[in-house]
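As a plain string of letters, each chain reads:
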Amino acid sequence: MTANINTILILGATSGLGEAFTRYFYSKNKKVIASGRRLNRLDTLKSELPGLETVQIDVSDIPSLEANLTSIFTTYPNIDSIFVIAGKQEIGQFTDPSTTSAEAIASEITVNLTAPLCIARVAVPHLLKLGKPATFLTVTVSSNSQYQVMTCKRHWY
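Because the structure is a prediction, the values reported are computed rather than measured. (Residues numbered from 1 in each chain as written. Predicted model: local features only at pLDDT ≥ 70, side-chain atom pairs only at ≥ 80, totals over all residues. Heavy atoms only, no water.)

## Observations regarding the layout of surface pockets
Inference 1: Estimates place the volume of the largest pocket at around 400 Å³.
Inference 2: Along the wall of the largest pocket there are 24 residues; nearest its centre are Gly12, Arg37, Arg38, Ala86 and Gly87.
Inference 3: Going through the elements one at a time, α1 (16-27), β2 (31-36) and α4 (102-129) are the ones with two or more residues in the lining of the largest pocket.
Inference 4: Per-element accounting of the lining of the largest pocket gives the leading share, three residues, to α1.
Inference 5: Its residues assigned to classes, the lining of the largest pocket comprises nine nonpolar, 11 polar and four charged. (1 Å grid on protein atoms, 1.4 Å probe; cavity = no way out; pocket = protein on both sides within 12 Å on 5 of 7 lines; lining within 4 Å. Points joined across faces, edges and corners; volume = space filled by probe spheres on them. Helix = DSSP H or I, 4+ residues; strand = E, 2+ residues; numbered from the N terminus. Nonpolar A, V, L, I, M, F, W, Y, C, P; charged D, E, K, R; others polar.)

## Quick notes on the pairing of strand β1 (residues 7-11)
Inference 1: Here β1 lies mainly inside the structure; five of its five residues are buried.
Inference 2: Judged by which residues are buried, β1 turns out to be covered on both faces: Thr7, Leu9 and Leu11 on one side and Ile8 and Ile10 on the other are all buried.
Inference 3: Bridge analysis of β1 against β2 gives five bridges, and the strand direction is parallel. The residue of β2 that forms the bridge with Leu11 is Ser35.
Inference 4: As for the winding sense of the linkage, the β-α-β connection from β1 through α1 to β2 is right-handed.
Inference 5: Examined bridge by bridge, β1 and strand β4 (residues 81-84) share four bridges and lie parallel to one another. By the bridge assignment for β4, Leu9 is matched with Ile82. (Buried < 20%, exposed > 50% of the residue type's maximum accessible area, 1.4 Å probe, protein only. Pairing = 2+ DSSP bridges. Right-handed = clockwise from strand over helix to strand, strands pointing away.)

This is the structure in structure tokens:
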């Protein structure tokens, strides 16, 4: 898995799978740029993994996303792998509207769908310009809403 990965940007590196991938690639002596919205968790990672690069970025801030990524690619032009692992999952049941809100649904869609698409729009051209094998991987939580729709459907039939 690591043969073609030399410099990796991990978006969503401050917990869960993102943190695990950060630690894994760091242990394989890869150049890792860890990013996330929570500065305190980035600082903790940086103190635990000497030489780790960190960048605070909130993928839900769609208006700033392109400029932030362009800045990262300018600072680290050799990024040859990008893992988009930032994700969000709200727990709510559509059979009980009081368990969620329109704002929470929109926020979840922004982080899990809109942001990865906007990231790809900037990241893929960067990777193609390298002229060598590159990796773009997106792993995001599959919203609880899909399960809830299926649950509602089952009740309707």
